[in-house]
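Architecture at a glance
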Amino acid sequence: RSAPLDEPYTLTVLARRIAAQVPAHSHWCGWSLGGMVALQTAHLGLPVGRIVTIGTTPRFIQDEEWPTAIPRARLEQLAEDLRYDYRATLQRFLILQLRGADQSRETLRHLRARLFAHGDPDPEALAGGLVILRNADLRPALATLAQPVTLIQGGRDPLVPPAAAEATCARLPQGQLRIIPTASHAPHLSHLPLFIDALERALHE
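Below: a short report on this structure. (Residues numbered from 1 in each chain as written. Predicted model: local features only at pLDDT ≥ 70, side-chain atom pairs only at ≥ 80, totals over all residues. Heavy atoms only, no water.)

Focus on the packing of aromatic side chains
Quick note on the threshold: Pairing of aromatic rings covers Phe, Tyr and Trp, the last through its six-membered ring, and needs centres within 6.5 Å; plane angles under 30 degrees mean stacked, over 60 mean edge-to-face, and all others mean tilted. Placement of a positive charge over a ring is assigned whenever Lys NZ or Arg CZ falls within 6 Å of the ring centre and within 35 degrees of the normal to the ring plane.
Enumeration according to the criterion identifies zero aromatic pairs in this entry. Note that R87 overlies the ring of F116, its terminal NZ or CZ placed 4.0 Å from the centroid.

Some words on the state of the cysteines
Disulfide: a covalent bond formed between the sulfur atoms of two cysteine residues. For the record, the criterion: Whenever a pair of cysteine sulfur atoms sits within 2.5 Å, that pair is classed as a disulfide. The buried label applies to any residue whose accessible area, calculated with a 1.4 Å probe on protein chains only, is under 20% of its type's maximum; exposed applies above 50%, and partly exposed to all values in between.
Per the counting criterion, the structure on display carries zero disulfides. Among the cysteines around C29, which has no disulfide bond, C169 carries the closest sulfur, lying 16 Å off. Classification of C29 by relative accessible area gives partly exposed; the value is 43%. Owing to a relative accessible area of 15%, C169 belongs among the buried residues under this scheme.

Side note on the pattern of salt bridges
Inclusion rule: Salt bridges are defined by distance alone: a side-chain nitrogen of Lys or Arg within 4 Å of a carboxyl oxygen of Asp or Glu. Secondary structure counts use DSSP, requiring at least four H or I residues in a row for a helix and at least two E residues in a row for a strand, with both numbered from the N terminus.
Taken as a whole and judged by the stated rule, the model has eight salt bridges. The partner of R83 in a salt bridge is E80, with the nearest N and O atoms 2.7 Å apart. With a gap of three residues between them, R83 and E80 both fall in helix α3 (residues 72–98), about one helical turn apart. Accessibility expressed as a relative area gives 61% for R83, which makes it exposed. One network of salt bridges, with partners in common, ties together R59, D63, D137 and R139.

Description of the nonpolar core
We apply this condition: Here, the term nonpolar core denotes a set of buried Ala, Val, Leu, Ile, Met, Phe, Trp, Tyr and Cys residues that are joined through side-chain atoms within 4.5 Å. Residues count as neighbours in contact if any of their non-hydrogen atoms are within 4.5 Å of one another.
Ranked by size, the top nonpolar core spans 39 residues in total, and within it L11, L39, I51, F60, L75, L130 and V149 carry the most contacts. Listed by contribution, the elements that provide at least two residues to this core are α1 (11–19), α2 (33–43), β2 (48–54), α3, α5 (123–135), β3 (149–154) and α7 (162–170). Per element, the largest residue contribution to this core is seven residues, and it comes from α3. The residues touching I51, leaving out its near neighbours within four places in the chain, are W28, A38, L39, A42, P148, V149 and T150. Of all hydrophobic cores here, the second largest spans nine residues; its members include I54, I152, I180 and L199.

Structure, rendered in structure tokens:
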């Protein structure tokens, strides 16, 4: 709230803003929308090393050529729920992100306790993030990436199905896919040892 963006809230703006704060040629690791930011940063030609994404898809919304994604109506309902009561909606969204994962109850309890520990989010930022998810399409960019990209994917992810990760990996010149079978959308939270192993392999192999 103290430092709002003074330009449009877009994937390109986020990529450039973050890249300006990160040492050149650093390795990037991004979760969900954060992974899209990392991919966009590399596509813009900014100096990025290896990329690791977690539960990331180049296209969040279904279309005729990308069926392994959520329906547009589902995202629109989420946007409406956030406008009505963002606190309750974010609590429900936590459940969705961990649905089906082993150890989900313990992880959910921890996240609920910390969700608003640093204050409430800016509703405009929440809405802006959903606009990015509605409109962004990085599929054409994937083939242009020279960096090695590792996709870490939960096998039970309800937001980014494993089939979407497989289709994404197939479009990458240097793509690897590591699936954590019993994880959902947040394997770095629910399956930390397995995630760390996958991350270390991605960065050092």
